[in-house]
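What the coordinates show
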Amino acid sequence: MGQHTNSIHHHGYVEDTPLNQAMPAHERLSRLDAVEILHSPDEVAQWLASTLRAAMGRSEEEVAFDDEWDQWVKYAHSGETITTGLLHGPTISVVAVPEAECRCASTPLVPVGGKKRSR
């Protein structure tokens, strides 16, 4: 079954292109290497928030993403792909990947590092 703990996990991607020019989710999986492998809904929300903050040049104190956080966790828990980004910045997405379709099974996976957000 690979190294993932659930039958669905998420791959995180950052495309240096605006949302309206970004690849569809299925193309990301086949054409890009994931920046992160995310194993839980909380990791998905944590990665989206920290990646968006970095793209904005803002800190957690400046941008909390409280409303978005709850939605991201809900969507990730449901196994959905989430795409967001900045108007004139990168497209940031997490693509839901079923275990059977994962190309990363042979690659050693490392959980998302960094500060965990308390809830």
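Please refer to the structure placed before this passage.
As the structure is a computational prediction, the values presented were derived from the model and not from experiment.

A word on the pattern of salt bridges
Counted by the stated rule, this structure contains two salt bridges. The salt bridge involving Arg28 is made with Glu15; its shortest N-O contact spans 2.6 Å. Of this pair, Arg28 sits in helix α1 (residues 25-31) while Glu15 sits in strand β1 (residues 8-15), placing them 13 residues apart in sequence. Across the salt bridge formed by Arg31 and Glu27, the nearest N and O atoms sit 3.1 Å from each other. Here Arg31 and its partner Glu27 are both found in helix α1, four residues apart, which amounts to about one turn of the helix.

As for the environment of Ala49
In this structure, Ala49 sits in helix α2 (residues 41-56). By relative accessible area, Ala49 is classed as buried at 1%. The sequence separation of Ala49 and Ala64 amounts to 15 residues, and the corresponding C-alpha distance is 7.8 Å. With residues up to four places along the chain from it excluded, the contact list for Ala49 reads Phe65, Trp69 and Trp72.

With respect to the environment of Arg53
Structurally, Arg53 can be placed in helix α2. For Arg53, a relative accessible area of 8% puts it in the buried group. The sequence separation of Arg53 and Ala64 amounts to eleven residues, and the corresponding C-alpha distance is 8.9 Å.

As for helix α3 (residues 66-77)
Over its twelve residues, α3 runs 17 Å from end to end, which matches the ideal 16 Å to within 8%, given 1.5 Å per residue. At its buried positions, α3 is contacted by β1, α2 and β3 (82-85). One or two steps after α3, the chain reaches Gly79, where phi turns positive at roughly 75°.

Definitions and limits used
- Residues numbered from 1 in each chain as written.
- Predicted model: local features only at pLDDT ≥ 70, side-chain atom pairs only at ≥ 80, totals over all residues.
- Heavy atoms only, no water.
- Salt bridge = Lys/Arg side-chain N within 4 Å of Asp/Glu carboxyl O.
- Helix = DSSP H or I, 4+ residues; strand = E, 2+ residues; numbered from the N terminus.
- Buried < 20%, exposed > 50% of the residue type's maximum accessible area, 1.4 Å probe, protein only.
- Contact = heavy atoms within 4.5 Å.
- Expected span 1.5 Å × (residues − 1).

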